[in-house]
Amino acid sequence: AVLGLLSSILEHAYQNEFLSRNRVKGVEPVKNEKKKFSKELSKEDFNTVKQYIHDHYDVIIQSMYMLLSYGLRRGEVLAIRQSVISYEENFTKIHIDKSRTEYYPDGKGTKTGKERDIFITLEDTALLNKAIKLSKERYIANKNASYSEDAWIFVGKTGEPFPVQSINRVFRSVKLRTGIKITPHVLRHFFATQAQASNI
């Protein structure tokens, strides 16, 4: 891309007689031997990872995996509070208005600056509610304080907000154990692929 832009600028200068010739014309970009990381995930691999997480991790991690598979970014999952969840008869709506990152542990707006709603199934709602219950227990046991509806849902064993780096560690461990290349962003691509396949 850089070479193409430079060539275009120099060609323009040459055509307008600012230069005697375009010195990058015919120069080939250096080939990158590094293999590209595949962002594709099959349904079979998705379910294998889901089962592995179910068998080896608590409902907090299971719930995070579930929400990431709805196309949320890692920081958006970590910034969910009870106050943004609305329970309907056939589904649950989650309003995505914040992101919690390594550099913004107290939260900030979403990456694009736009808020949106996602809708999860009743089955996934049941899992999320179990995670909320466990988070409340951890929070109250460690903080000795009442649980606010604006507190982060996802907390560690000490009641502290779940660290961003810990999600990466979980996914690295799962990748090592299952042999499946999985990251939070791969799940975002998986969601987009499934949505497209369903004409959504």
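Structure shown above.
Please read these numbers as outputs of a predicted model, since none were measured by experiment.

Caption draft 1: Region of the structure containing the sheet that holds strand β2 (residues 92-96). Strand order in the open sheet formed by 3 strands is β1-β2-β3, and the pairing between neighbours is antiparallel. In this open sheet, the two edge strands, each paired with only one partner strand, are β1 (85-87) and β3 (116-120). On average, each strand axis in the sheet is inclined to that of its neighbour by 25°, with strand direction left out of account. Where β1 and β2 come together, 3 bridges link them in antiparallel fashion. Looking at β2, one finds that I85 is bridged to I94.

Caption draft 2: Up close: the nonpolar core. The biggest cluster of nonpolar side chains holds 44 residues, and the ones touching the most others in it are L67, I80, I94, L128, F154 and I182. Residue assignment for this core shows that the elements contributing at least two residues are α2 (43-56), α3 (59-68), α4 (74-78), β2, β3, α5 (122-143), α6 (164-178) and α7 (184-197). Considering every element that reaches this core, the biggest residue donor is α3, with 8 residues. Residues contacting I80, with those up to four places away along its chain left out, are L67, L72, I85, I94, I96, A151, W152 and I153.

Caption draft 3: Highlighting the layout of surface pockets. The calculated volume of the largest pocket comes to roughly 630 Å³. Lining the largest pocket are 23 residues; nearest its centre among them are F46, K50, M66, S69 and D124. Counting residues per element, the ones that place at least two in the lining of the largest pocket are α2, α3, α5 and α7. By residue number, the principal contributor to the lining of the largest pocket is α2, which donates 7 residues. Of the residues belonging to the lining of the largest pocket, the class tally is 11 nonpolar, 7 polar and 5 charged. Considering only enclosed or pocket space, the second largest pocket measures out at about 360 Å³ in volume. Sorting the residues of the lining of the second largest pocket by element identifies α4, α6 and α7 as the ones contributing at least two each. When its residues are assigned to classes, the lining of the second largest pocket shows 4 nonpolar, 6 polar and 7 charged.

Criteria and thresholds
- Residues numbered from 1 in each chain as written.
- Predicted model: local features only at pLDDT ≥ 70, side-chain atom pairs only at ≥ 80, totals over all residues.
- Heavy atoms only, no water.
- Pairing = 2+ DSSP bridges.
- Helix = DSSP H or I, 4+ residues; strand = E, 2+ residues; numbered from the N terminus.
- Axes fitted to C-alpha atoms, helices over the stretch in contact; angles between N-to-C directions.
- Core = buried A, V, L, I, M, F, W, Y, C linked by side-chain atoms within 4.5 Å.
- Buried < 20%, exposed > 50% of the residue type's maximum accessible area, 1.4 Å probe, protein only.
- Contact = heavy atoms within 4.5 Å.
- 1 Å grid on protein atoms, 1.4 Å probe; cavity = no way out; pocket = protein on both sides within 12 Å on 5 of 7 lines; lining within 4 Å.
- Points joined across faces, edges and corners; volume = space filled by probe spheres on them.
- Nonpolar A, V, L, I, M, F, W, Y, C, P; charged D, E, K, R; others polar.

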